[in-house]
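# Coordinate analysis (summary)
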Amino acid sequence: MTPASHAAAPAVDAAGRAELTARYLEEVRGQGARASELRGTMPESGLLNGFYFGRYLSRPLFIGHAERDQLHAHLENLRTALISLPDLLFGGDLGAFARAAGAAPVQVSAILRSRSAPVTRQTRGDLYATEAGFRLMEFNMGSALGGMEIADMCRALLAHPVLAGFAKAHNLSYVDTMREQVNDMFVECGFAPDSFPVVAVTDWPSSYRNKLGPYMHLLAERWRELGLDAHACHAGELAARNGRVWLRDRPVDIVARMFLIEYLLESPEAAALMDPVLDAEARGEVRTFTPFDSELFGSKGALAMVSDAGNRHLFTAAEQASLDAILPWTRMVAPGPATLADGRTVDLLDYAAGHADDLVLKPTMRYGGQDVVAGWHASPAAWRQHLARASGGPYVIQRRIRPVPELFPDENGDLVPWVTLWGPFTVVNGHGGIFARGATVDSDTPVVNVFSGASVGCCLSTEPGSR
């Protein structure tokens, strides 16, 4: 995303993010603190380094409690609108909804066999802060959400006396998101908090072997401290027999699915790897956190449906207001007419071809910035080719978001503008904390993503009564 000038910060209340940030940066400058000092003990954490590769922001983001609560309400309303789509548009046919959202046949089959009742409340929005407020880039639902370790990041940053003193003076706090994640698992899988269920912390075989196996073991260790008998594995290590799902010699109560539904497309045999677990789940022999349908509701295809002006009348006034507030214009890529945000009707492909500088092309059910094409990074000819290939397929076109950069101290004490992605969580108990990712403005990256080199961090917010 190309940012607006960092001098033009969005107007917020005096306890809001712009004011808090300015005050904190003034204290940092006064102390002459360097980035490596301000990161506190984050670089020493095995759990954090196992997933984030040692790349950390030099300060937290800040937000006022009123803006935080308003943003949470918008995300809750968006979630409510998304999970209502099968009933509102497809007569309750989840399979038809899945196909319309861009799911492949093997994914549709898995979704129909692995359904939530009710749909999970664990979500993470990914938003940029613009001059007009927060705008949503994508919405993620389910168990395989990155950023649950942000309480560790907050504690590590607060080890530095400058931030510790600032947080105390301004009544700043954070949510223990991983503890909330574990509570979500207890509540949504129907286990009492003191029941110590056996949990298979399950990655996909290729990811487990090549990238995240060590991290999964560290995560399982942390979950054991929080009340789960958790053990790391990959999906190929699970077996169904004698009325249970087993991880080696352990009967499993909950399969914590830490991989995305896109892995079912990895090979022709991939989907069959999940068959024993899906069959056992259908027989009530194991619970899955979370079932595959959670990702369907968080797909970009679903965002296009709630963005479509033709569906607006189906949503409540509160849902409409939240959609207007945070969701940029988003449409499935298909030939024919489309309604713009200002009410004009255009031919979608002709319009997209002529407005590359203002649009992004995205697959509906892939994550981490995979196969995303930023129109302003493509030549006119290449952009038209991308549109032609995407037409009628599982792709959306979305209005470009122009974020306002945040300033971060560097190792020399200078303030450097970064593009930051805000990732607020919703959980069973309400607001679940905010995950931050960032890349320098100079990097000119169209996708701020951990696996493409982004640095990560957390957010501190004021509490009611703060001055």
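Scroll up to find the structure.
Residues numbered from 1 in each chain as written. Predicted model: local features only at pLDDT ≥ 70, side-chain atom pairs only at ≥ 80, totals over all residues. Heavy atoms only, no water.

A word on the side chain of Thr330. Counting through the fold element by element, Thr330 comes out in strand 12 (residues 330-332). Residue classification places Thr330 among the buried residues on the basis of a relative accessible area of 1%. At 3.1 Å, the side chain of Thr330 and the side chain of Gln398 are in polar contact. Setting aside residues no more than four positions away along its own chain, Thr330 makes contact with Lys300, Ala304, Ser307, Val396, Ile397 and Gln398. (Helix = DSSP H or I, 4+ residues; strand = E, 2+ residues; numbered from the N terminus. Buried < 20%, exposed > 50% of the residue type's maximum accessible area, 1.4 Å probe, protein only. Polar contact = N/O pair within 3.5 Å; in protein donor to acceptor, adjacent residues only side chain to side chain. Contact = heavy atoms within 4.5 Å.)

The next subject is unusual backbone geometry. Residues Ala117 and Pro118 are joined by a peptide bond in cis, for which omega reads -5°. Of the consecutive residues Phe289 and Thr290, the connecting peptide bond is found in the cis state with omega at -5°. Positive phi values are uncommon outside glycine, yet Asn242 reaches one of about 55°. When you line up the elements, Asn242 lands in the loop between strand 7 (238-241) and strand 8 (244-247). Accessibility expressed as a relative area gives 71% for Asn242, which makes it exposed.

Of the pockets and cavities examined, the second largest pocket occupies roughly 360 Å³. Lining the second largest pocket are 19 residues, with Ser307, Arg312, Asp324, Leu327 and Ala341 sitting closest to its centre. For the lining of the second largest pocket, the elements supplying multiple residues, two or more each, are helix 14 (300-307) and helix 15 (317-326). Ranked by the residues each element gives to the lining of the second largest pocket, the list is headed by helix 15, at 3 residues. Its residues assigned to classes, the lining of the second largest pocket shows 9 nonpolar, 4 polar and 6 charged. (1 Å grid on protein atoms, 1.4 Å probe; cavity = no way out; pocket = protein on both sides within 12 Å on 5 of 7 lines; lining within 4 Å. Points joined across faces, edges and corners; volume = space filled by probe spheres on them. Nonpolar A, V, L, I, M, F, W, Y, C, P; charged D, E, K, R; others polar.)

Spatial ordering of the open sheet is given by 1-22-4, a layout of 3 strands whose pairing is mixed. Strands with a single pairing partner mark the edges of an open sheet, and in this sheet they are strand 1 (61-63) and strand 4 (172-173). Across 2 bridges, strand 4 lies against strand 22 (residues 459-462) in antiparallel orientation. Looking at the pairing, Leu172 lines up with Thr462 of strand 22. Contacts between helix 1 (residues 17-31) and the sheet are confined to strand 1, strand 4 and strand 22, with strand 1 contributing the most and set at about 135° to the helix. (Pairing = 2+ DSSP bridges. Axes fitted to C-alpha atoms, helices over the stretch in contact; angles between N-to-C directions.)

Another aspect to go through is the pattern of salt bridges. For side chains of opposite charge, pairing can occur when their charged atoms come near one another. Using the criterion set out here, one finds 28 salt bridges in the structure. With a shortest N-O distance of 2.7 Å, Asp152 and Arg155 are connected by a salt bridge. Within this pair, Asp152 and its partner Arg155 are both found in helix 8 (residues 150-157), separated by 3 residues, close to a single helical turn. When its relative accessible area of 12% is taken as the criterion, Asp152 is described as buried. When its relative accessible area of 39% is taken as the criterion, Arg155 is described as partly exposed. Beyond isolated ion pairs, a larger network of salt bridges with shared partners links Asp152, Arg155, Asp176, Arg179, Arg222 and Glu225. (Salt bridge = Lys/Arg side-chain N within 4 Å of Asp/Glu carboxyl O.)

You can see Thr420 is positioned in strand 19 (residues 415-427). Thr420 sits in the buried class, given a relative accessible area of 3%.

A few words now on the packing of helix 6 (residues 94-101) against helix 14. Running from amino to carboxyl end, helix 6 crosses helix 14 at an angle of 95°, the nearest separation of the two axes being 8 Å. When the axis of helix 6 is compared with that of helix 14, the two are roughly perpendicular. Contacts from Phe97, Ala100 and Ala101 of helix 6 reach helix 14 at Gly301, Ala302 and Met305. Among the residues making up the contact of helix 6 with helix 14, the classes are represented as 5 nonpolar, 1 polar and no charged. (Parallel < 35°, antiparallel > 145°, perpendicular 65-115°, else oblique.)

Okay, the nonpolar core next. Counting 61 residues, the largest nonpolar core has Leu78, Met274, Phe292 and Val306 as its most contacted members. The leading source of residues in this core is helix 4 (residues 65-83), at 5 residues. Core analysis: the next-biggest nonpolar cluster, separate from the first, contains 52 residues, Met42, Leu47, Ala167 and Val450 among them. (Core = buried A, V, L, I, M, F, W, Y, C linked by side-chain atoms within 4.5 Å.)

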